[in-house]
Amino acid sequence: MTQAPTPTADTVRRLVRSLLKEGGDDTAGPDVRPVTEGLDYTWWVGTRHVLRLEPDREASVLRRRELRLRDLVRPHVPVAIPTSVAHGDWAPGLAYTLDTKLPGGTADEHDVSAIGEADLAGLLTGLRAVPVRQAEALGVPRTAPRSLEALRRMAVHAAERLAGADEFDAARMHQLPPPGAAQLAAQPGTAVLTHHGLTGEHVVVGADGRVRGILDWTRAALGDPAEDIAGLAVAVGSPASVRAATLAGYGARPCLRGLWLARCDTVIRLAAHVEGRAGGSAVLLRTQLRRAWEPILLERLSDFKEDEPEP
């Protein structure tokens with residue numbers, strides 16, 4: 001695997017200057033700065049663009065696929081998807097894309113309003129409408145549904161360790177007994193295009209609570225729609241996620257499955273961080289756990305029928 005040298009501000013400025021044609025080599029060029037401290041491969045370019053430089057060939061393949069996938073998805077969803085104004089290789093075999101910046105903050109910075117929940121419902125509805133064969137033709141992989149029972153067992157042990165650290169009430173995991181996890185197994189024939197990475201930083205939200213766009217489609221997959229419901233539960237909270245999924249036509253089973261995927265995931269991730277086995281922000285991980293465990297009106301597995309039809 002080819003590993004690129006760490007780009008400097010001068011490297012980025014020269015590339016951007018050639019792409020935007022802003023002056024000759026003797027000009028300073030646009031202001032460039034890393035999006036996040038320590039994230040050397042993603043840069044703000046002025047106030048209107050963001051530059052992503054891929055560090056290896058594997059990531060470059062995913063970024064090139066994302067460019068084609070965004071064009072496929074865009075007509076189906078009501079929220080903005082970044083548009084590339086230039087793309088190519090910034091080093092031999094290593095891709096870059098210069099995208100327009102979507103206005104707004106992130107779901108970690110702004111709460112989603114009721115109208116914003118309708119925006120998310122439109123996103124879920126649109127993803128289900130994307131032709132599966134066309135997505136496959138672009139190289140989007142199929143992923144098998146995760147075993148909720150296996151995830152539940154991992155989360156039970158993680159919850160006990162968190163309880164020992166006074167981080168979590170392990171008894172809350174009793175809300176999902178083994179029969180309940182079996183009842184929420186993924187149903188056959190329900191695979192759709194999923195974003196598969198709907199974290200708070202990838203959901204662009206305006207100050208008015210509207211969802212303005214969705215970022216980073218490199219992890220998109222054909223699979224379980226409950227994964228995106230779970231992602232939204234972590235990004236915007238379980239009640240907003242379930243309401244959006246319900247507006248999109250999903251019934252109780254995928255909503256509850258997504259809810260419990262999110263709850264188990266957040267318990268496992270926080271335990272790994274507390275034990276020093278994973279990095280990340282402790283504040284963000286605790287916030288994500290809190291969002292996933294927010295109560296919703298439909299909590300009991302007995303609240304839906306086993307033979308409930310799905311869209």
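No experiment lies behind these values; they were computed from the predicted model shown. (Residues numbered from 1 in each chain as written. Predicted model: local features only at pLDDT ≥ 70, side-chain atom pairs only at ≥ 80, totals over all residues. Heavy atoms only, no water.)

Draft legend 1. Representation of the pattern of salt bridges. Applying the stated criterion across every chain, the model contains 23 salt bridges. Notably, a salt bridge pairs Glu167 with Arg286, separated by 2.7 Å at the nearest N-O pair. Here Glu167, found in the loop between α5 (148–164) and α6 (178–183), pairs with Arg286, found in helix α10 (residues 282–292); they are 119 residues apart in sequence, far enough to count as distant. On the basis of relative accessibility, which here comes to 25%, the residue Glu167 falls in the partly exposed class. When its relative accessible area of 37% is taken as the criterion, Arg286 is described as partly exposed. Ionic pairing is found between Asp224 and Arg257, a salt bridge with its closest N-O pair at 2.7 Å. With Asp224 in the loop between β10 (221–223) and α7 (226–236) and Arg257 in helix α9 (residues 252–274), the pair connects residues that are 33 residues apart, well separated along the chain. (Salt bridge = Lys/Arg side-chain N within 4 Å of Asp/Glu carboxyl O. Helix = DSSP H or I, 4+ residues; strand = E, 2+ residues; numbered from the N terminus. Buried < 20%, exposed > 50% of the residue type's maximum accessible area, 1.4 Å probe, protein only.)

Draft legend 2. Local environment of the sheet that holds strand β8 (residues 203–205). Read across the sheet, three strands follow the order β6-β8-β9 without closing on themselves; strand pairing throughout is antiparallel. Every interior strand has two partners, whereas the edge strands, β6 (105–106) and β9 (211–214), have only one. By the bridge criterion, three bridges tie β8 to β9 in an arrangement that is antiparallel. Among the inter-strand pairings, Val204 is bridged to a residue of β9, identified as Gly213. (Pairing = 2+ DSSP bridges.)

Draft legend 3. Quick look at the sheet that holds strand β3 (residues 49–53). The strand order across the open sheet built from five strands is β1-β2-β3-β5-β4, with neighbouring strands paired in antiparallel fashion. The open sheet is flanked by β1 (32–34) and β4 (84–91), the only strands paired with a single partner. The mean inter-strand angle of the sheet, taken between neighbouring strand axes irrespective of direction, is 25°. As judged from the three bridges shared by β1 and strand β2 (residues 42–45), these two strands associate in the antiparallel manner. Considered in β2, the bridge of Val32 is made with Val45. Strands in contact with helix α1 (residues 9–20) are β1, β2, β3, β4 and β5 (94–100); relative to β3, the strand with the most contacts, it is inclined by about 120°. Sheet strands touched by helix α2 (residues 57–73): β3, β4 and β5. Its angle to β5, the strand with the most contacts, is close to 40°. (Axes fitted to C-alpha atoms, helices over the stretch in contact; angles between N-to-C directions. Contact = heavy atoms within 4.5 Å.)

Draft legend 4. Main features of empty space enclosed by the protein. Scanning all chains against the criterion turns up one cavity of 30 Å³ or more. Size it by volume and the largest cavity reaches roughly 30 Å³. Broken down by secondary-structure element, the contributors of at least two residues to the lining of the largest cavity are α3 (114–129) and β7 (192–194). No other element matches β7, which puts three residues into the lining of the largest cavity. Each residue belonging to the lining of the largest cavity can be placed in one class, and the counts come to six nonpolar, one polar and one charged. (1 Å grid on protein atoms, 1.4 Å probe; cavity = no way out; pocket = protein on both sides within 12 Å on 5 of 7 lines; lining within 4 Å. Points joined across faces, edges and corners; volume = space filled by probe spheres on them. Nonpolar A, V, L, I, M, F, W, Y, C, P; charged D, E, K, R; others polar.)

Draft legend 5. A look at the nonpolar core. Core analysis: the largest hydrophobic core is formed by 67 residues, its most contacted members being Val73, Leu193 and Val203. Top element by residues in this core is α9. It accounts for eleven residues. Residues Tyr41, Val45, Leu51 and Leu94 belong to the second largest nonpolar core, which totals 15 residues. (Core = buried A, V, L, I, M, F, W, Y, C linked by side-chain atoms within 4.5 Å.)

Draft legend 6. Layout of the pairing of β5. Of all seven residues making up β5, six are buried, and the element is well covered by its neighbours. In the sheet, β3 pairs with β5 via five bridges, with the strands oriented antiparallel. By the bridge assignment, His49 is partnered in β5 with Thr100. Where β4 meets β5, six bridges bridge the pair, whose relative direction is antiparallel. Bridge pairing in β5 links Ala91 to Leu94. The hairpin formed by β4 and β5 contains two residues between the paired strands, and Gly93 there has a positive phi angle of roughly 80°.

Draft legend 7. Spatial organisation of α7. Burial within α7 is extensive, with eleven of its eleven residues counted as buried. Three or more residues of α7 are buried, namely Ala226, Glu227, Asp228, Ile229, Ala230, Gly231, Leu232, Ala233, Val234, Ala235 and Val236. Next to the buried residues of α7 lie α3, β7, β8, α8 (238–247), α9 and α10. Directly after α7, the chain includes Gly237, whose backbone phi takes a positive value near 105°.

Draft legend 8. View of the layout of surface pockets. Of the volumes computed, that of the second largest pocket is approximately 200 Å³. What lines the second largest pocket is a set of 15 residues, and nearest its centre among them are Asp111, Val112, Val236, Gly237 and Arg291. Of all the secondary-structure elements, those providing two or more residues to the lining of the second largest pocket are α7, α8 and α10. The leading source of residues in the lining of the second largest pocket is α8, at three residues.

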